[in-house]
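Spelled out, the chains give:
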Amino acid sequence: MLRVPRSSLGLTFCRGKATRPTSGDDYQYMQRTRIPMLHFQPSLPRLPIPALEKTCERYLAAQQPLLIEEAFRKTKDNVDRFLTTTGPQLQQLLKAKDAKNKHTSYISEPWFDMYLRDRVPLPINYNPLLMMNPDARPAYNDQLVRTTNLVVSSLRFMKSLRAKQLEPEVFHLNPAKSDTHTFRTVASMTPSFISTYVAYAFKAFPLDMSQYQGLFGATRIPETDKDRIYRNEDSRHLVVLRNGNFYSVDVLDEAGNIESPETLLARFQHVLSDNRPPAENPLGLLTTENRDTWAKIRYHLSEIGNEKALRTVDSALFCLCLDDSRIDPERPIPMIRNFLFGEGNNRWFDKSFSLIVAKDGTAGINFEHSWGDGVAVLRYFNEIYKETTQNPFVHPGLQPKDSSKSEDVVWFIEFKVDDRIRDGVIAAQNHHNTIMDSLDMNYLKYDGINKNVCKQKRISPDSVMQLGFQLAFYKQHGKFVATYESCSTAAFRHGRTETMRPCTVATKEFCETIERKQNPASAAELRQLMDNCSAVHGQLTKDAAMGQGFDRHLFGLRHTAQSNDIALPCIFEDPAYAAINHNILSTSTLSSPALLAGGFGPVVKDGYGIGYNIQEGFLGSVVTSYKPDRDGVEFVRCLRAAYEDIAKVLNESKPTK
């Protein structure tokens, strides 16, 4: 048996625990990629502009289950007219603009502009939440220990990103074939301009990484009519919020190196031990306001002598929120609410992302959405979770030690306030409280269906989840409504997302059939309908991921008309177009072993926001809604009943294909 000396493992042992090196590149960088980080970027395919006829065909297919026969006939007439009049002209203009901007995608600029122009508050409306699973080792969930570990890993991720040493983001369809040494060797030796196509031969699909630059040192600055994104790549500090108070904490030294774990431990301990009372005027509440309202107050803040304080917040690498709350595993909703929007006094929702760590070590990410989608955030989320739970730098019992004077590296950010600011904070608190009081949040965990069950029954897990949402709403309201499911188009250069429309003719037929009281269908008949739903859903998923949905294309055509002073075509004036974009069921899923729960708010007043995932042992959904417009408790009751019905069909039948 070969014995490996302890020193050759790069580990030392302290108090019986293996500790990692805290100097040199092994500490400074999380990854040192073999394939250059942006190696695939030049050869990523461009997001296609679908054929106008196919987009119209897909649009009508999505409208069909939502409209009565007469309304559908009118919509079809509008679509036919669009195809023979203004549509081709707009398509030509869109393609011409796209041809002049080959560095990006046709959707990137207008989609980014849409986010920054919207004036609604960020919490609930835009900022999503990812809540992290706890560390399996209780001692590592100590707030100070977990905070320091998460920050160290975050900084290592950031430094790897900025040095372009992160492994490229690649979706491995067959990991056994492509997530290998051979693939990395071949890919690294392939010229960039063809590397993506070589990866395809391995069933590996490189993803766009242009959004990653928005993760660190960035803030959305409120301005009237349209916000802007501020970025700073030279900052060395975090902004830390505790009890509504703001602190600047240096985490990099003057050379840009990550401070040692002992040093960071000491600095966060300094913040946690500060007995300063809760902020009298918690300015974080201002970031919960309408964007124009906040823009005017922020301008006044700057005018009365807070330029330096605001610059310190804006330029911070990210926001660290240290909360005093604790999670009840039997009642997770209060903590999910707190992390998603909370009372607003210990948040700065404008930062690119906020790392939140509660008193019991429960951690999560709340991120601003305009700069990017879930791909970059989830990668960061997964990497720091994996490292901190498997190979952390801080162990219980490590003694804090900081050679710097605390007042030089940790300092309280003092804001000057006047009556206008005080009144603004009070108004923001009242507005936020009104929204908080009206927002209902409910959680479903159902263990009758899971990934393994779907695999055994040979059916798509996502189609099962989505079918449950359709059946639940039909049980509750007896009708079908516009449904949004987000799908990433990151396989293309500067891709964002495409909308999938899970409410289909197939799901409508299944729901009506299974709820039919007279002449009930057999399990075999229902399974046939369910398999049809899954097949249609699979095709919609493929179309969306390949940039062949209809929503973004129509959005681009509409934007083209507006930007060229062309009268809006009848297809966009049709009430059916407004209705299908009034997404009463807004759904999104993220699959990750690091994820405890994910959530976001409804996108319309009378809608449901459904963050969902399906795990090895159960499926789960966090459902948000506004009272009294929707009854979230009843919807979740119907959702459980829907999955029980679906499970019964799966258990009593065999796949039809």
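Everything numeric here is computed off the predicted structure, so don't read it as measured data. (Residues numbered from 1 in each chain as written. Predicted model: local features only at pLDDT ≥ 70, side-chain atom pairs only at ≥ 80, totals over all residues. Heavy atoms only, no water.)

## Some words on the UniProt feature "active site" (unreviewed entry) in the protein
Turning to step 1, where the next piece is worked out: Those residues carrying the UniProt feature "active site" (unreviewed entry) are His369 in this numbering.
Turning to step 2, where the next piece is worked out: Its place among the elements puts His369 in the loop between strand E12 (363-367) and helix H13 (374-390).
Turning to step 3, where the next piece is worked out: Those residues in contact with His369 that sit more than four places away from it in its chain are Tyr115, Tyr126, Asn127, Pro128 and Arg496. (UniProt positions renumbered as here; feature names shortened; annotations may be inferred. Helix = DSSP H or I, 4+ residues; strand = E, 2+ residues; numbered from the N terminus. Contact = heavy atoms within 4.5 Å.)

## What about the environment of Pro332?
Turning to step 1, where the next piece is worked out: With respect to the helices and strands, the residue Pro332 is situated in the loop between strand E10 (319-322) and helix H12 (333-340).
Turning to step 2, where the next piece is worked out: Between the C-alpha atoms of Pro332 and Arg347, which are 15 residues apart in sequence, the distance is 20 Å.

## Side note on the domain arrangement of the protein
How big an interface is tends to be stated in terms of accessible area lost as the parts join.
Turning to step 1, where the next piece is worked out: The domains assigned to the protein are domain 1 (120-165 + 224-438) and domain 2 (447-546 + 572-652).
Turning to step 2, where the next piece is worked out: Computed over C-alpha atoms only, the centres of domain 1 and domain 2 are separated by 33 Å.
Turning to step 3, where the next piece is worked out: Together domain 1 and domain 2 conceal approximately 1800 Å² of surface at their shared face, both sides included; 57% is due to carbon and sulfur atoms.
Turning to step 4, where the next piece is worked out: When the buried area of domain 1 at its contact with domain 2 is split by residue, Asn133, Asp373 and Ser438 rank highest and sum to 27% of it.
Turning to step 5, where the next piece is worked out: Applying the counting criterion to the domain 1 and domain 2 interface returns one salt bridge.
Turning to step 6, where the next piece is worked out: In this structure, the connection of domain 1 to domain 2 is made through twelve residue pairs in polar contact (both at pLDDT 80 or more).
Turning to step 7, where the next piece is worked out: Those elements that place two or more of their residues in the side of domain 1 that touches domain 2 are strand E3 (129-132), H12, H13 and helix H15 (419-438).
Turning to step 8, where the next piece is worked out: Per-element accounting of the side of domain 1 that touches domain 2 gives the leading share, five residues, to H13. (Domains from an automatic or database assignment. Buried area = accessible area lost by both parts, 1.4 Å probe. Salt bridge = Lys/Arg side-chain N within 4 Å of Asp/Glu carboxyl O. Polar contact = N/O pair within 3.5 Å; in protein donor to acceptor, adjacent residues only side chain to side chain.)

## Topic: the sheet that holds strand E15 (residues 483-488)
Turning to step 1, where the next piece is worked out: Taken in spatial order, the six strands make up an open sheet running E14-E20-E19-E17-E15-E16, and their pairing is mixed. Taken across any chain shown, the strands that pair with only one partner, and hence form the sheet edges, are strand E14 (439-446) and strand E16 (497-500). Strand-to-strand twist across the sheet, computed as the mean angle between neighbouring axes with direction ignored, equals 25 degrees.
Turning to step 2, where the next piece is worked out: Where E15 and strand E17 (residues 585-589) come together, three bridges link them in parallel fashion. Bridged to Thr483 within E17 is Leu585.
Turning to step 3, where the next piece is worked out: Docked against the sheet, H15 engages E14 and strand E20 (619-626), running at close to 40 degrees with respect to E14. (Pairing = 2+ DSSP bridges. Axes fitted to C-alpha atoms, helices over the stretch in contact; angles between N-to-C directions.)

## Comments concerning the UniProt feature "domain: Choline/carnitine acyltransferase" (unreviewed entry) in the protein
Turning to step 1, where the next piece is worked out: Sequence positions flagged by UniProt for "domain: Choline/carnitine acyltransferase" (unreviewed entry) are, in local numbering, residues 47-640.
Turning to step 2, where the next piece is worked out: As annotated, residues 47-640 comprises 46% helix and 15% strand, and the C-alpha atoms at either end are separated by 38 Å.

## A short note on helix H8 (residues 181-189)
Turning to step 1, where the next piece is worked out: All of the buried residues in H8 are Phe183, Arg184, Thr185 and Ala187.
Turning to step 2, where the next piece is worked out: Elements that come into contact with the buried residues of H8 comprise strand E4 (170-172), helix H7 (175-178), helix H9 (192-201) and strand E5 (204-206). (Buried < 20%, exposed > 50% of the residue type's maximum accessible area, 1.4 Å probe, protein only.)

## Here's the deal with the packing of helix H6 (residues 143-162) against H13
Turning to step 1, where the next piece is worked out: Orientation of H6 relative to H13, taken along the N-to-C sense of each, is 125 degrees, at an axis distance of 9 Å. Taken together, the axis directions place H6 and H13 in an arrangement best described as oblique. Of the two elements, H6 crosses H13, and the hand of that crossing is right-handed. For the pair formed by H6 and H13, the contact residues are Arg146, Asn149, Leu150, Ser153, Ser154, Arg156 and Phe157 on the first element and Arg379, Tyr380, Glu383, Ile384, Tyr385, Glu387, Thr388 and Thr389 on the second.
Turning to step 2, where the next piece is worked out: In the contact of H6 with H13, the residues fall into five nonpolar, five polar and five charged. (Parallel < 35°, antiparallel > 145°, perpendicular 65-115°, else oblique. Left-handed = near helix turned anticlockwise from the far one by under 90°. Nonpolar A, V, L, I, M, F, W, Y, C, P; charged D, E, K, R; others polar.)

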